[in-house]
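Examining the three-dimensional arrangement
Chain residues, written in single-letter form:
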Amino acid sequence: MLLEVRDLRASINGVEILKGIDLTVRAGEAHAVMGPNGSGKSTLAYVLAGHPNYEVTGGRVTFDGRDLLAMSTEERARASVFLSFQHPIEIPGVRMDHFLRAGYNELRKAHGEAELDPLKFDRLLRTKVKVVEMNTNMTKRSVNEGFSGGEKKRNEILQMAVMEPKLAILDEVDSGLDVDALRTVSSGINSLRTPDNAIIVVTHYQRLLNYIVPDHVHVLADGRIAASGGKELALKVEAEGYDWLAEANAPSR
Amino acid sequence: MTSTSQATHHGTAYRAAHAARLAAAEHQPQWMLELREQAMARFEAVGFPTARRGNEPWKYTDASPIAEATFGTPPTAGPEPLTVALKPFALPCARVHEIVFIDGRYTPQMSSVPGDTEPLPAGTFERHASGLVVGRLAEAIHRELPQVRAHLSKHAGMDANAFTALNTAFIEDGAFVWIPDDAVVTEPIYLLFIGTGKGDAYVTHPRVLVVAGKHSKASVIVSHEHLGDGGYFSNAVTEAVLGPGAHLGLWRLQRESARAFHVATTQATLGRDSTLTSASAELGGKLARHDFNVTLAEQGASCRVNGVYVTDGTRHVDTHTFIDHAVPRTTSNEVFKGILSGDSRGVFVGNVLVRPDAQRSEAHQLNKNLLLSSGAHVDTQPRLEIFADDVQCTHGAAVGSLDDAALFYLKSRGIGEGLARVLLTHGFMREVIESITDEAVRQHLDTAVEATLPHD
Ligand SMILES: Nc1ncnc2c1ncn2[C@@H]1O[C@H](COP(=O)(O)OP(=O)(O)O)[C@@H](O)[C@H]1O
Ligand SMILES: [Mg+2]
């Protein structure tokens, strides 16, 4: 079992957003988390990555046999959890390649490996940019500064390619992408998949799931998983929207 | 009023030192003697700016620790100038015109020009194929070079500035740079003032005059460095004059001892279609004040005036800029960034004056401050006086702490708190470093700033 989430509850500013989430992810799997705006998808992603603004009020999360909730954000990253941000952050003055090398070397140190010098890292980066068909020149620019929405998303997946995480949580990686970019980014993601890792794709639309075919689909509503199923559940959402959820869940409230 | 009594008391001490200096000095032209006397009288009349009330330029900075102390001559003022290891201060480039001053005193054996294997002989004055002159100001005065007579003390006004008056009264060796018309100097011109910091109560008055002829091009860096951690007082003035079409890079590094007092004025006067590109790094001093004044005196003149200041402990660092758009079609761009930690204090006051005549001018100013601790404090104030109507002016001032969202983003990539803070802090002032157009100077200031930023 790679990830086991049990009855996870979390709140922000005293407002409970996650109201008991259960989720089990095995190595090699792809999970999709869907749900209407404001249902708590990003919150779930943030809480798993250790965002300090959220307070975990109940439940537990085991990752790779370790208590994930007891770990700091950077420890989770070093333990191989990766979050692709819905809204990647712009960091003026910090060069992409410097930032990436810093993170990459932290991971290596955590695994008792020697750090890569700038030259060697540069060589590595040249192969990684191909995963998302990005120009190497972009990696000399400040992190996400002045990047278009699509470039930011490519950049997130470039970082995933460098970090090679065991678990990647991809929050709306498809938003802001045109069809061509969507194809590039999703085939990049697919190329990074192995039997030893897993991905959770958070998305609003079924469209992405044509490219990244999920083994399991979960529909989040009001902080709970309202329905789980195979990839056909995504098609139901596509056809019927989310209205049927309210009725299905009404009795439990 | 306290300021008057202090001026009188300390005026007496400085007056005695002035008389002693004059008696010992080599032959000087009459105009120089008159200038010194006039400056001394001016200093005595104005006094140190210790009065705070109604004293706008010194509203945020208390000069009384300087006014109340008595500063003598440097401990290194023996017959033979001291030599020190220059390696820590070296510019990262092979060829450089380098003039070194130890405690204000010119040290020919440590100064060099590109292509020379031998140090400059004492008292000489180097002239290059391009006609460039880099040398000792005292020598230029002695030889009564017309450029010196025409410009020395003609730009940095001393009517209202006691520190400039005091510096002028005590001009000693100093540096003189003359870039003749049409000369293009590719190597940086490095004017290095090193305080030995041996002992506390001494004062030096570093003075620089840069005259850039029409259509000339050069890059000049004025550095104030230190060796020991003494509480000396360094009172510096730099004047730069740009002829028509001249391009001058004027860079400044202030890395005095953390116990030192440093007061400096840089005054640049820009002729028609000339361009000044400058950046300053204020990294040292217990109490430091820099006034950067630019006069856009003729049409088409433009300047970029950038800077960073980094403060920690209980240090106090004050930067005042004054950009005078005197005529039409003049442009100024200003970006200053402050990084403050501990219980330190920073001040940035950006004065911009667009005179009624200065139509079709552009003035942009930005000051951003990063507070890394709850004890640090900054006063930032844009002061814009715009009397022309057909102008473009923008200004902005911001004070903030490190961006939490950015910190989380870095941590989510495995980067720990300490390194994340260093990366963000460094990134914050990157823009200023990147604006330095001289590669060697950029690297040098980058390293200096980086070494000063708080690391944990
Ligand atoms: N700082 C906050 N304070 C209070 N409520 C918040 C805050 N941030 C997000 N929320 C609420 O949390 C809920 C879930 O948000 P989010 O996880 O971003 O949803 P999704 O990603 O599914 O669109 C929303 O109702 C949102 O309004
Ligand atoms: Mg979201």
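This one's a predicted model, so the numbers in the text were calculated from it and none came from an experiment.

With that out of the way, let us pick up the overall build of chain B. Counting its secondary structure elements, chain B contains 9 helices and 21 strands. Here chain B has a C-alpha radius of gyration of 21 Å; the compact-globule value for 456 residues is 23 Å, and the two agree. With the C-alpha coordinates aligned to their principal axes, the bounding extent of chain B is approximately 65 × 50 × 45 Å. Buried positions account for 61% of the 456 residues belonging to chain B.

What follows deals with the interface of chain A and chain B. Contact residues are listed per partner, giving 29 residues for chain A and 19 residues for chain B. For the chain A face of the interface with chain B, the top three residues by lost area are E74, I89 and F99 of chain A, together amounting to 26%. Linking chain A with chain B are 1 salt bridge, by the criterion used here. Residue E156 of chain A is joined to R413 of chain B by a salt bridge in which the shortest nitrogen-to-oxygen separation is 2.8 Å. In this structure, the connection of chain A to chain B is made through 7 residue pairs in polar contact (both at pLDDT 80 or more). Every element with two or more residues in the side of chain A that touches chain B is listed here: α1 (41-49), α2 (73-78), β6 (81-84), β7 (91-95), α3 (96-110) and α5 (149-163) of chain A. Looking at which element gives the most residues to the side of chain A that touches chain B, the answer is α3 of chain A, with 5 residues.

Residues and elements named next belong to chain A. The immediate surroundings of ligand 1 are formed by I12, N13, I17, P36, N37, G38, S39, G40, K41, S42 and T43. Here S39 contributes a backbone N or O atom positioned 3.2 Å from an oxygen atom of ligand 1. With respect to ligand 1, the backbone of S42 contributes an N or O atom lying 2.9 Å from an oxygen atom. When the free accessible area of ligand 1 is taken as 570 Å², the share hidden by the protein chains comes to 62%. Per-element tally for the shell around ligand 1: the top contributor is α1, with 3 residues. Of the residues assigned to the shell around ligand 1, the class counts are 3 nonpolar, 7 polar and 1 charged.

Residues and elements named next belong to chain B. Overall, the coordinates contain 6 cavities of 30 Å³ or more when judged by the stated rule. If you add up the space inside the largest cavity, you get close to 80 Å³. For the largest cavity, the full set of lining residues is V222, H224, A236, V237, T238, L250, W251, R252, A264, T265, T266 and F292. When the residues that make up the lining of the largest cavity are grouped by side-chain class, the tally is 7 nonpolar, 4 polar and 1 charged.

Residue and element names in this part refer to chain A. In space, the 6 strands of this open sheet follow the order β6-β9-β10-β3-β11-β12, with mixed pairing throughout. The sheet terminates laterally at β6 and β12 (224-229), the two strands that pair on one side only. The sheet shows a mean angle of 20° between the axes of neighbouring strands, direction not considered. Here strand β9 (residues 167-171) runs beside strand β10 (residues 198-202); their pairing, made up of 5 bridges, is parallel. Note on β10: the bridge partner recorded for I169 is I200.

Before going further, it helps to examine the pairing of strand β14 (residues 287-296) of chain B. Residue and element names in this part refer to chain B. In terms of residue burial, β14 counts as a mostly covered element, since 9 of its 10 residues are buried. For β14 and strand β16 (residues 316-325), the ladder comprises 10 bridges, and the chain directions are parallel. Pairing of T295 across the sheet is with D324, part of β16.

Residues and elements named next belong to chain A. The protein atoms that coordinate the magnesium ion (ligand 2) are S42 (OG) and Q86 (OE1), at distances of 2.1 to 2.2 Å. Taken as a pair, S42 in helix α1 and Q86 in the loop between β6 and β7 lie far apart in primary sequence, 44 residues in all. You can call Q86 partly exposed: its relative accessible area is 22%.

Moving on: the packing of aromatic side chains. Tallied over the entire structure, the rule returns 20 aromatic pairs over all chains. Between F99 of chain A and Y409 of chain B the ring centres are 5.7 Å apart and the planes differ by 10°, which places this aromatic pair in the stacked class. Separated into two different chains, F99 of chain A in helix α3 and Y409 of chain B in helix α7 (residues 404-411) make up a pair that spans both. The interplanar angle of 45° and the centroid separation of 5.6 Å between the aromatic rings of Y104 of chain A and F121 of chain A together place this pair among those described as tilted. On the criterion of sequence distance, the pair formed by Y104 of chain A in helix α3 and F121 of chain A in helix α4 (residues 118-128) is long-range, its members being 17 residues apart. Of the two residues, Y104 of chain A and F121 of chain A, neither departs from the other in class, the shared state being buried. A cation over an aromatic ring shows up here: K236 of chain A above the ring of W244 of chain A, its NZ or CZ 4.6 Å from the ring centre.

One number sums up the size of the largest pocket: a volume of about 980 Å³. If you go around the largest pocket, you meet 38 residues; those closest to its centre are G93 and V94 of chain A together with L423, H426 and G427 of chain B. It is helix α8 (residues 417-434) of chain B that provides the largest number of residues to the lining of the largest pocket, a total of 10 residues. Considered class by class, the residues forming the lining of the largest pocket number 14 nonpolar, 9 polar and 15 charged.

Moving on, we get to the sheet that holds strand β21 (residues 391-400) of chain B. Residues and elements named next belong to chain B. Read from one edge of the open sheet, 10 strands run β2-β1-β6-β9-β11-β13-β15-β17-β19-β21, paired in mixed fashion. Edge strands, defined here as strands with exactly one partner in the open sheet, are β2 (105-106) and β21. Sheet analysis places strand β19 (residues 361-371) next to β21, joined by 10 bridges and oriented parallel. What sits directly across from Q365, in β21, is H395.

Two side chains of opposite charge can pair, provided their charged atoms sit close to one another. In total, this model carries 43 salt bridges over all chains according to the counting rule given. Close ionic contact of E44 of chain B with R15 of chain B constitutes a salt bridge, the shortest N to O distance being 2.9 Å. Taken together, the positions of E44 of chain B in helix α2 (residues 30-46) and R15 of chain B in helix α1 (residues 2-24) put the pair 29 residues apart, joining distant regions of the chain. The partly exposed category is assigned to R15 of chain B, whose relative accessible area is 27%. As a salt-bridge pair, E139 of chain B and R143 of chain B come within 3.2 Å of each other at their nearest N and O atoms. Overlapping salt bridges bring together R95, D97, D122, R126 and K140 of chain A as one network.

Moving on, we come to unusual backbone geometry. Residue D64 of chain A is not a glycine yet carries a positive backbone phi of 55°. Counting through the fold element by element, D64 of chain A comes out in the loop between β4 (54-63) and β5 (66-67).

Definitions and limits used
Residues numbered from 1 in each chain as written. Chains lettered and ligands numbered in written order. Predicted model: local features only at pLDDT ≥ 70, side-chain atom pairs only at ≥ 80, totals over all residues. Heavy atoms only, no water. Helix = DSSP H or I, 4+ residues; strand = E, 2+ residues; numbered from the N terminus. Rg over C-alpha atoms; globule rule 2.2 N^0.38 Å. Buried < 20%, exposed > 50% of the residue type's maximum accessible area, 1.4 Å probe, protein only. Contact = heavy atoms within 4.5 Å. Buried area = accessible area lost by both parts, 1.4 Å probe. Salt bridge = Lys/Arg side-chain N within 4 Å of Asp/Glu carboxyl O. Polar contact = N/O pair within 3.5 Å; in protein donor to acceptor, adjacent residues only side chain to side chain. Near = heavy atom within 4 Å. Areas by Shrake-Rupley, 256 points an atom, 1.4 Å probe, with all protein chains shown as cover. Nonpolar A, V, L, I, M, F, W, Y, C, P; charged D, E, K, R; others polar. 1 Å grid on protein atoms, 1.4 Å probe; cavity = no way out; pocket = protein on both sides within 12 Å on 5 of 7 lines; lining within 4 Å. Points joined across faces, edges and corners; volume = space filled by probe spheres on them. Pairing = 2+ DSSP bridges. Axes fitted to C-alpha atoms, helices over the stretch in contact; angles between N-to-C directions. Donors = N, O, S within 2.8 Å, 3.2 Å for Na, K, Ca; no water. Phe/Tyr/Trp six-rings, centres within 6.5 Å; stacked < 30°, edge-to-face > 60°. Lys NZ or Arg CZ within 6 Å of the ring centre and 35° of its normal.

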